Amino acid sequence: MNVILLGPPGAGKGTQAKRLEQRYSLVQLSTGDMLRAVVASGSDLGRKAKTVMESGQLMPDDLMIQMISDRIEQPDCARGFILDGFPRTTAQAEALDNMLKNKGLKLSGVIEMKVDSEALIERITGRFSCAACGAGYHDRFQRPKVDEVCDSCGGTEFSRRADDNEATVRSRLAAYREQTAPILPYYEEQGVLRSVDGMSDIDEVTRQIETVLAAA
Ligand code: ADP
Ligand code: ZN
């Protein structure tokens, strides 16, 4: 099963991808996380990626496709993947289709997470994650059960993304509206687009996604 989660920053893609990963034994391919790992590696590519990401811009398409293509070839992706944060433009959606076709793979579904933009600012500026295992939390909506201890791994170090400040979030939302939202009709024409209400609570959103995937 190969799934794309599509929605603006803060829609809950990462949160839901983590759950789907476990439920269906899929691998979450978060291009943002993949890129942040490249940045942390300090390579030439990493330095380039850092400059691009800090300005709220997008990475070149061929580089992104190559990075995803290499990852899909890994044996752990045999049961399928969940793409989170990609594609972001119609050109990327087309390039992704070509790449998948060459591998004989198909998309099972593209899930649009609908949310209103003011809620997104609050979600994004309040989020943080476990430095050890990546589990996601929120100052208001999803606190760890024990303060400052990760529910998943017991870790006590947490981190916040440098680009999760209000100014950068506003430019990421504008980029979503201008460049990413136009992909929706592209997938609608292919008959693979399904929408869920991303404003519902986290468990309810998971239920909606599972219902949609059961019918896929
Ligand atoms: P994305 O990957 O789409 O950018 P995240 O999954 O990181 O979004 O979610 C952003 C923040 O909002 C996180 O802190 C998360 O805990 C919180 N969140 C996610 N889904 C919901 C929801 N349905 N209701 C309330 N808060 C949510
Ligand atoms: Zn953890």
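Presented here is a report on the structure given in the accompanying data block. In this text, all values refer to a predicted model and were calculated from it rather than measured experimentally. (Residues numbered from 1 in each chain as written. Chains lettered and ligands numbered in written order. Predicted model: local features only at pLDDT ≥ 70, side-chain atom pairs only at ≥ 80, totals over all residues. Heavy atoms only, no water.)

This part takes up the coordination of the zinc ion (ligand 2). Taken together, the protein ligands of the zinc ion (ligand 2) are Cys130 (SG), Cys133 (SG), Cys150 (SG) and Cys153 (SG), with distances of 2.3 Å. For the zinc ion (ligand 2), the four donor atoms are set out with angles of 102 to 115° between them, so the coordination reads as tetrahedral. Within one chain, the residues serving as donors to the zinc ion (ligand 2) are arranged as C-x2-C-x16-C-x2-C. For Cys150, a relative accessible area of 3% translates into the label buried. By relative accessible area, Cys153 is classed as partly exposed at 41%. (Donors = N, O, S within 2.8 Å, 3.2 Å for Na, K, Ca; no water. Tetrahedral: all angles 85-135°; square planar, octahedral: opposite > 155°, others 65-115°. Buried < 20%, exposed > 50% of the residue type's maximum accessible area, 1.4 Å probe, protein only.)

To continue, consider the site of ligand 1. Near ligand 1 there are 18 residues, and of these Gly10, Thr15, Arg127, Gln142 and Ser200 occur at the shortest range. Between an oxygen atom of ligand 1 and a main-chain N or O atom of Gly12, the distance comes to 3.0 Å. For ligand 1, an oxygen atom lies 2.8 Å from a polar atom in the side chain of Lys13. Taking 570 Å² as the accessible area of ligand 1 by itself, protein coverage stands at 90%. For the shell around ligand 1, the secondary structure elements donating two or more residues are helix H1 (13-24) and strand E6 (136-138). Ranked by residues supplied to the shell around ligand 1, first place goes to H1 with three residues. Split into classes, the residues belonging to the shell around ligand 1 amount to six nonpolar, eight polar and four charged. (Near = heavy atom within 4 Å. Polar contact = N/O pair within 3.5 Å; in protein donor to acceptor, adjacent residues only side chain to side chain. Areas by Shrake-Rupley, 256 points an atom, 1.4 Å probe, with all protein chains shown as cover. Helix = DSSP H or I, 4+ residues; strand = E, 2+ residues; numbered from the N terminus. Nonpolar A, V, L, I, M, F, W, Y, C, P; charged D, E, K, R; others polar.)

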